[in-house]
Structures are given as C-alpha cells and as structure tokens.
Amino acid sequence: MDSWEPWQPSADEPWDLRRVVHLHRRAAFAATWKEIRRDLDDGPHAAIDRLLKGDSRVEGVPDDFEKMAGVIGDAAVGLGNVNRLKAWWFYRMLFTPDPLGERLTLMWHNHFATSNVKIEDAALMRRQNAVLRTCARAPFGEMLRRMAKDPALLLWLDAEVNRKEHPNENLAREIMELFTLGVGNYTENDIKEVARALTGHTVKDGEFRHAARDHDDGEKTIFQQTGRWSGDDVVRLLLEHPATARRLAFRICEQFMGEGNVDQAALDELANGLRARELDIGWAAATVLHSAAFFSERNLRNRVLAPVEYLVGALCALEVFDPPPSTLLLAERSANLGQDLFYPPNVFGWPGGRAWLTSRAIIGRTNFATALVAGALHHPSHPFDAAALAEGHGASEVADQRTFFSQLLLGRANPPDGLSHDDTLDRYVASLLASPEAQLA
Amino acid sequence: MFRTRFHRREFLTRSSLIALAPSVPVFLARAASAAETSYDGRILVVIQLSGGNDGINTVVPYTDEGYAKHRDKLRLPTEQLIKVNDQVGLHPSLRPMADLLEDGRLAIVQGVGYPNPNRSHDVSMAIWHTARMDRDEHKTFGWLGRAMDERPVPADGAPHAVLLGDDSPPVALRGRRSTSVALANLQDLKLASRPTLPDHRLAAAPGQDQNQDDDLAAFARRAALDAYATADLIENVTQNVANDRSAYPATQLAERLKSVAQLIKANFGTPVYYAIQPGYDTHAVQLPTHARLLRELAGALKAFLDDLRTARLDDRVLVLCFSEFGRRVQEDASLGTDHGTAGPVFLAGPRVAAGMVGPTPSLIDLEDGDLKAAIDFRQVYATILHQWLGITSPGVLTNSFELLPIFNA
C-alpha cells in the first residue's frame, strides 16, 4: 500500500488549521469553530476517527436527531411529496452527528443514480435512500445484494417486464456498466447472459418479487464461467470480478481526493486492498482519510465542492442552526446549482468536478451567499449576525473578525487579497463565500 | 441593485475575456443583421432528443410491409399519419412540423447513422457529440466546440455556445478555447448583488492561463469571471424583451427555445444554442410517451421559428434535431422498443431546401434486426459547417464527407 501510507504530521506538512479545515470540507460538511479547535488540539487521528465513527459533529445536533428526522421523513412520504423528501435529506445533512455517513450516502446516490422523474414515488425513493445510508460503509456485497432487489432501482431500469422470453438487457447493461464493472470489462454476450440470469426479477405493488415462472433457468456463460446462474449468482460473479473493486476504488477517490491526484498504481492498490477485505467501503474510506496522500500539499483545495457540499458546508461552518433555515429552500437552491436530489440527470449521475462551475452555478452560488447573510434562507427572514458569531468565538475587533471568518471558511488567516475592507462584515462574509477559492475544498 | 452604465463598461473593459472586444458597448453598436453577406451573424440551434428517438414511428414508412410485420402493438394507423409522399408519413403529433415542411422550412434527412453502431446511450451520444469513433477521444472536445475554436471570441464577450437547461453543457460544445455555459432561464443569470472581489482578482495573471489549463484555482477564477460577465450581459438583454408577444406552448422545451429567441432578438453574440429534450428511451408503453414528446418538439419548434420570423431574424437561424440512435425495428414485449441504430435528423429554418433528403430506410432489408444507415451523421455536420457556419478547416471532422443537399443553392 505504498500509495496510501498513513500520514504523520511533519514540520513541512503540519497538523494546522488548514488541514483541519481541509479534512472537514473534504470529508464532511465543513466544521464549526469549536469543532475545528477541538480537532486541532486532539490531533489528526482522533479527528479522523470521529468522522469514521460518525460522531464528529457536536454543535447543532439535536438530542433526538434520528427521531426528528424520522418524523420529517414520514411526513414527506405521507404527503407523497418529493420536494419535502429533498428537504428531509437536507435536514439530515445539516443536523446529523455523522456527516461522513451522509457524504457517503450522497456518493451512493450518485453511483446508483436513480431519478424520481421515472419512479414518481417518494416512499420508494426514501426506501432506497435508507439502504444507501445503512450500507454506506459496509462491505459492498451487502449494498449490491440489496440494490439488486431495490424496487426504485428496478423500476428505473424497466424491470417490471423481465421474462425469459424477453430478458431486459438494459438492466443487465446498467448493472455492469454503472454499478459494478465499468464499461469495457464485459462483452455484449455477457450482457445477454446476465439478462437471462436476471429474468424473473420484477417489482409488484412496490415490492421486489422473483417470479420463478419467468426465470430462465438454463445454462449461461458469464465471464467465461458456465452454470445455471440465477440473479444471486450474478451478484456473486460481479462481486468477485476485479473490475468491481477498481470501480469502487475510483468512486472513493472521486469523493475524497482532488483532481489528478490519484494515479493508476494508487487506484490499483486501493482496489486490491478492497478485494482482500470483501470490498469493505469503511476500510477504504479510513485508508484514504488517514493517508499522507490525502493531507499532502497538492491535495489541498483542488476539488470542486458539489452544490450540496457547498450549501450545507457554509451553513454548518457559520452555525446557521437556530432557527433552522428552510430546508425546502435549500433543496431548491441546490437544484438551481445543478444538483437536484433524487433527480440525477441520467443513469451516469452528476458529472461533477469542473462541470459544477457553470456560469449559472457560479451566479447561483453568489446569490446563495447574498441570501444567507440577508437571512433569506429562513421563513420568516432571519439575517445572519456575523459580528455575534465572531464575538462568541473571541474576535471582538473588526480586523480580528475578518481574520476569524477567513480562518473558519478557508482555513487561513489571510483572506483572498482584494476583498474590500470597506464592506460591512456581513457583506465581507458573503464575498468570502462567493469567492472562487471557497468553491474548492 | 442597480449599477451605473459606467460601472458595467468599466467591468467589461477590465476583464480579460472582454479585452479582445472593442471598448464600445458592442450590443448597441453592432448591426442587427449582417447575415446576408456573412456567416458571422448565423446561428445554429441544436435540439438533442435524448434517449434514442424511435425514428420509425416518427417518419413512418407506412407502405413498407416490414412496418406492419415488426410493429404489431406500436403500429400507427395509416389514416392518422400526415402523408409526406407515397412512402412516408409523419407521426400525427407532428402537425406543426408538417406545416413547416409545407411552408418550405423543414428538411428531413432519413436513415442517418454511422458505421458499427453502438447501442449504449453514453457511447453513441459521445460519438454524435464528438464525431469521433475512437473512445479515447470521447472525453476531449465536441464537434461544435472544435468548430467554435475556429471562431474569435464573440464580440460582446458572450460565450460561443449556450445550453438552455439544468445540465452542464454537453461534450458537443466543449472546445479547446471556445466557451460554453449552461442556463435554465435568463433569470438565473442575474446577480442579486455583486460580490466585492474586484475583477483583476478574478482574472488570472497575464500569461498564466495558457500554460496552466490544469490549475484548478485558475479555472475557478476564470469561471467566475465568465459568470459575472454573462450576468452583466443578461441584465442588458432582458430589458429589450419586456414587450414580447410570441405564443409558445407551455412546455419545457418551448420555454427554452423562447429564451434562445430572446437572446437572439437582443442580438446576443452567441452563435450556437443547445437544448435537450429528454425522455425518448421508450423501453415500455411507448405510444403515449412518444406522442407527447413529438407534440412538444413540433410545437416548440414551430413557435420558435414563427417568433423569429415575426422579428425578421429567422434568416439567421438553422435548427438541427438529432437523437443518439433510433430504435429496434422489432417492438419489444413491453409495448416499447429497445436501442437501435439509424434515425431521421431534422433541419429547420427558412434557408433549408425543404423536403426529404436521402432514401427511406427499408424495414425488410435489415442488418441484425436494425435499420441500415444510408447517410453518415458527419455528412450532416460537414454540410452545416461548410454551408451554414462557413467553417471549412479539416480538423473539425478529420475526414471529408460528401455534402448533402440540405440548403437552397
């Protein structure tokens, strides 16, 4: 595992404010000032382990978080209202003690990109979301076994009609191209045979059903292995295939590593490690987050924040918890920035990276920053009090307050040069949030 | 928040993207129509039918015995078709497009595809976007991006290409130097309040950009600069279209084409517009979905061209409609169709040579159960590049392709 050597702070690469902020912006939804100070004092191991264990957040987290989230989610499903379901997810991300878990759930939502545009069923979308969250850190087998029978996913890929007379090749193709192997690692014949093996998998009344009558139980040859394979066999064959581990390694790196910082050797090493550990995603996340590569100078601030990461991160860092912002409005803003939860653009998910920074998105992010300080994310409006936050953390002089916000949001004392010091503090915070630097993590 | 004109001009002249432009406000100075004498004012509007349009049920070969043979449940009744000639008829939802055809404003190129067709949405779309068969080139530059690389920056600093919609600009628009942006509607391009980062902070240092395309921080700064320049342009544009009286259907595609028309009427400098109509991946219960999609397409297209005709701007406009593939000739078991190969391409505007182009593909003489393509899509592209955009550099399409009789001589 040469590429993923654990990191030890050094004089050149110290555990400092920059790296604490890097960790939280890259692997969570940023952090409050108290959390940053705590992690700075406790050292990287404690900080990373808290994220991995799912108890890194302390401020803003209600005691009865899961219960509250359950009530909000039930209400959304009861109303059959997907906009409320988006709001429910934003509530989770804003108030969860486990931001890494939510980040991984987002990663899986992108991986198994299922759009409600076709499902039109809030209950099924929530059910899928719960599976993505439950299995977020688990060995991938658990996830794939459950997703192979997930009603929303099967409906998304037209599995309702999937009989031995007419195997659904679309389903077979997407399972291999998108969810496991990646394009180029299977033949057109594999698609046909996998489709045959999956016949009988269908959805009835919102539930998975295996219709034995419709299943083709003849011999199939998949990846040059012949047998009377069933759908469960397909899942097993896919889990054993080395390309699956490589694709998972790619997903993890896409999530936590910056642009161009993972070479083929590093990807292969992570994939090999995954194969040796039953594709344990939690292990892979821990390996990457503990690595020297993750904290290396060139991995700092070279990944574009996805809209959700940007929005929730800004609110968490600025402790916009009480009163809570309108999560319905946040979901709308996110869609406006290009990331409409439960509506990925197609089976490939969101393109990500530089593609997030369209003109429209940058204008939208700038307008979000303006709305945040103006209090326009609340119903009724509740302006952000920048001075109060800074004073609460010991910065009472004007100059100190500006430094405080630069440290909090960007991890460094010097703000981007050229930021106007004639502005009010609130406008200054908005400009910081809108700056090109703040779009990166 | 209102800004003074002085502020705007100052911004425009200071930003590097605009530095190539004359310092006068170009929207005001530029002549409204120079299309007759030059390729410069010409506009290409691309409508992408995503998912793989069933061309057989769009331009229906109703006298082909293969139609009844392969399309049992999905066959459109002959009497409902809008007959074009004694071979083909248009889907009944396409009445507005039939009107365009009669009116001399629509050309239908039949059986368009490419050799060794790929049935993956992703790969086939990448082939159409890039006009490259080699997968290694599918993440590089698109055919329109490469074409726009041959053009200078539009005089008013507008991007070369605009995607109307929620997605990122497609690979088709990605160029080495040319610019493309995405917008959902014009309102999305207005700033509630300009941040106080001065423009020289956003602009990269001189010489930096050329050599450091891979520097993400420089990319983010340049992206912000482009975004704010666009916001300033739109602020200007929307003031010109307050008394708009055109009649568009209430569909998403029509809304997007209306925004394109507004930008054109405002003499926005962008030469290429792009809109995506999703939903054509009709594996199941195809008939109602397909009818709705085609109705939306035809209604939006007709309203768009009529709107621009009223504004006397349609001479500058060509619309291209394509899909990544057609569908299998044989219908599937779920009242739908699976991924196929060749399909029709539509070209619309007053300058086209109206009518059918190319032979009607046979539904009997098939290859692997799929239509044989008679025309390579790159012939369509080559004709548009040469005869509409006036771009003849060989690098855009690599090979030379036989041009098609798409335009009036």
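All values reported here derive from a predicted model rather than from experimental measurement. (Residues numbered from 1 in each chain as written. Chains lettered and ligands numbered in written order. Predicted model: local features only at pLDDT ≥ 70, side-chain atom pairs only at ≥ 80, totals over all residues. Heavy atoms only, no water.)

Asker: I tried to follow the layout of surface pockets on my own but got confused; where do I start?
Answerer: Rolled over the atoms, a probe sized like a water molecule indicates the empty space that remains. For the second largest pocket, the calculated volume is near 890 Å³. Contributing to the lining of the second largest pocket are 37 residues, with Glu-169, Arg-173 and Glu-188 of chain A together with Arg-119 and His-339 of chain B lying nearest its centre. When residues of the lining of the second largest pocket are traced back to their parent elements, those giving at least two are helix H11 (169-180) and helix H12 (188-197) of chain A. No other element matches H11 of chain A, which puts four residues into the lining of the second largest pocket. Across the lining of the second largest pocket, the residue classes tally to nine nonpolar, 14 polar and 14 charged. (1 Å grid on protein atoms, 1.4 Å probe; cavity = no way out; pocket = protein on both sides within 12 Å on 5 of 7 lines; lining within 4 Å. Points joined across faces, edges and corners; volume = space filled by probe spheres on them. Helix = DSSP H or I, 4+ residues; strand = E, 2+ residues; numbered from the N terminus. Nonpolar A, V, L, I, M, F, W, Y, C, P; charged D, E, K, R; others polar.)

Asker: Explain the sheet that holds strand S2 (residues 59-60) of chain B to me, please; I cannot follow it from the model alone.
Answerer: Strand pairing within a sheet occurs via backbone hydrogen bonds; the two strands may be parallel or antiparallel. Residue and element names in this part refer to chain B. Across the sheet, which stays open at both edges, the three strands sit in the order S2-S4-S3 with antiparallel pairing between neighbours. With partners counted over all chains shown, the strands left at the sheet margins are S2 and strand S3 (82-83), one partner each. When S3 meets strand S4 (residues 89-90), the two strands line up antiparallel, connected through two bridges. From the neighbouring strand, Lys-83 faces S4, where its bridge partner is Gly-89. (Pairing = 2+ DSSP bridges.)

Asker: How should the domain arrangement of chain A be read in this particular structure?
Answerer: One widely used convention gives an interface's size as the accessible area the parts lose upon coming together. Residues and elements named next belong to chain A. Taken domain by domain, chain A comprises domain 1 (11-53), domain 2 (138-299) and domain 3 (307-439). A straight line from the C-alpha centre of domain 1 to that of domain 2 covers 33 Å. In total, about 1,100 Å² of surface goes out of reach between domain 1 and domain 2, with carbon and sulfur atoms giving 59% of it. The largest per-residue losses of area from domain 1 upon contact with domain 2 belong to Arg-26, Ile-48 and Leu-52, which jointly make up 44% of the total buried on that side. Run the count over domain 1 and domain 2 and you get two salt bridges. The closest approach of N and O atoms between Arg-18 and Glu-297, which form a salt bridge, is 2.7 Å. The tally of links between domain 1 and domain 2 comes to eight residue pairs in polar contact (both at pLDDT 80 or more). Among the elements of the structure, helix H1 (17-27) and helix H3 (44-53) are those that each provide at least two residues to the side of domain 1 that touches domain 2. (Domains from an automatic or database assignment. Buried area = accessible area lost by both parts, 1.4 Å probe. Salt bridge = Lys/Arg side-chain N within 4 Å of Asp/Glu carboxyl O. Polar contact = N/O pair within 3.5 Å; in protein donor to acceptor, adjacent residues only side chain to side chain.)

Asker: Even after reading the chapter, I still don't get the confidence of the model for chain B, so can you show me in this structure?
Answerer: Low pLDDT marks regions whose predicted coordinates should not be analysed in detail. Residues and elements named next belong to chain B. The predicted model of chain B averages 84 in pLDDT, with 82% of residues at 70 or higher. Segment residues 1-37 is flagged for pLDDT under 50; beyond a separation of four residues in sequence, or across chains, it makes 54 contacts in the model. Confidence drops under a pLDDT of 50 for residues 204-213, and excluding neighbours within four residues, the segment shows nine contacts in the predicted structure. (pLDDT = per-residue confidence, 0-100. Contact = heavy atoms within 4.5 Å.)

Asker: Explain the interface of chain B and chain A to me, please; I cannot follow it from the model alone.
Answerer: Contacts between chain B and chain A engage 45 residues on the former and 41 residues on the latter. Of all the secondary structure elements, the ones that give two or more residues to the side of chain B that touches chain A are strand S7 (180-183), helix H7 (199-202) and helix H9 (216-239) of chain B. By residue number, the principal contributor to the side of chain B that touches chain A is H9 of chain B, which donates twelve residues. Broken down by class, the residue content of the side of chain B that touches chain A amounts to 22 nonpolar, nine polar and 14 charged.

Asker: Would you explain H11 of chain A in this entry?
Answerer: One turn of an α-helix holds 3.6 residues; hence residues three or four places apart share an orientation. Residue and element names in this part refer to chain A. With twelve residues, H11 should reach 16 Å at 1.5 Å per residue; the first-to-last C-alpha distance of 16 Å fits that figure. For H11, a buried count of eleven out of twelve residues is recorded, marking the element as mostly surrounded by other parts of the structure. Among the residues of H11, those classed as buried are Asn-170, Leu-171, Ala-172, Arg-173, Glu-174, Ile-175, Met-176, Glu-177, Leu-178, Phe-179 and Thr-180. At the N-terminal boundary of H11, the capping side chain belongs to Asn-168, with an oxygen 2.9 Å from the backbone nitrogen of Asn-170. Once H11 finishes, Gly-182 follows within two positions and takes phi at roughly 85°, a positive value. (Expected span 1.5 Å × (residues − 1). Buried < 20%, exposed > 50% of the residue type's maximum accessible area, 1.4 Å probe, protein only.)

Asker: I tried to follow unusual backbone geometry on my own but got confused; where do I start?
Answerer: Excluding glycine, residues mostly have negative phi values, and the peptide bonds linking residues are mostly trans. Each neighbour pair has its own omega, and for Asp-322 of chain A with Pro-323 of chain A the value is 0°, a cis peptide bond. Structurally, Pro-323 of chain A is set in the loop between helix H18 (307-317) and helix H19 (327-336). Despite not being glycine, Arg-312 of chain B has its phi angle at roughly 55°, a positive value. With respect to the secondary-structure elements, Arg-312 of chain B resides in the loop between helix H11 (286-310) and strand S9 (317-323).

Asker: Could you clarify how one ought to interpret empty space enclosed by the protein in this entry?
Answerer: Counted by the stated rule, this structure contains ten cavities of 30 Å³ or more. In this structure, the largest cavity encloses a volume near 120 Å³. For the largest cavity, the lining is made up of 15 residues, of which Gly-55, Val-59, Gly-111, Pro-344 and Pro-361 of chain B are closest to its centre. Only strand S5 (106-113) and strand S10 (343-348) of chain B provide two or more residues apiece to the lining of the largest cavity. Residue classes in the lining of the largest cavity are distributed as ten nonpolar, five polar and no charged. Of the pockets and cavities examined, the second largest cavity occupies roughly 90 Å³. Every residue along the wall of the second largest cavity is listed here: Arg-25, Ala-28, Phe-29, Ala-30, Leu-305, Glu-309, Tyr-310, Gly-313, Ala-314, Leu-409, Leu-433 and Ala-438 of chain A. A per-element tally of the lining of the second largest cavity places H18 of chain A first, with four residues. Residue classes in the lining of the second largest cavity are distributed as nine nonpolar, one polar and two charged.

Asker: Would you mind showing me how to read H12 of chain A here?
Answerer: Residues and elements named next belong to chain A. Buried residues dominate H12, accounting for seven of its ten residues. For H12, the full list of buried residues reads Asp-190, Ile-191, Glu-193, Val-194, Ala-195, Arg-196 and Ala-197. The secondary structure elements touched by the buried residues of H12 are H11, strand S3 (220-222) and helix H13 (231-240).

Asker: I tried to follow the pairing of S9 of chain B on my own but got confused; where do I start?
Answerer: Residue and element names in this part refer to chain B. With respect to burial, S9 is a largely interior element, seven of its seven residues being buried. Of the two faces of S9, both are covered, the one formed by Val-317, Val-319, Cys-321 and Ser-323 as well as the one formed by Leu-318, Leu-320 and Phe-322. Where strand S1 (residues 43-49) meets S9, seven bridges bridge the pair, whose relative direction is parallel. Following the sheet pairing, Leu-44 is matched in S9 by Leu-318.

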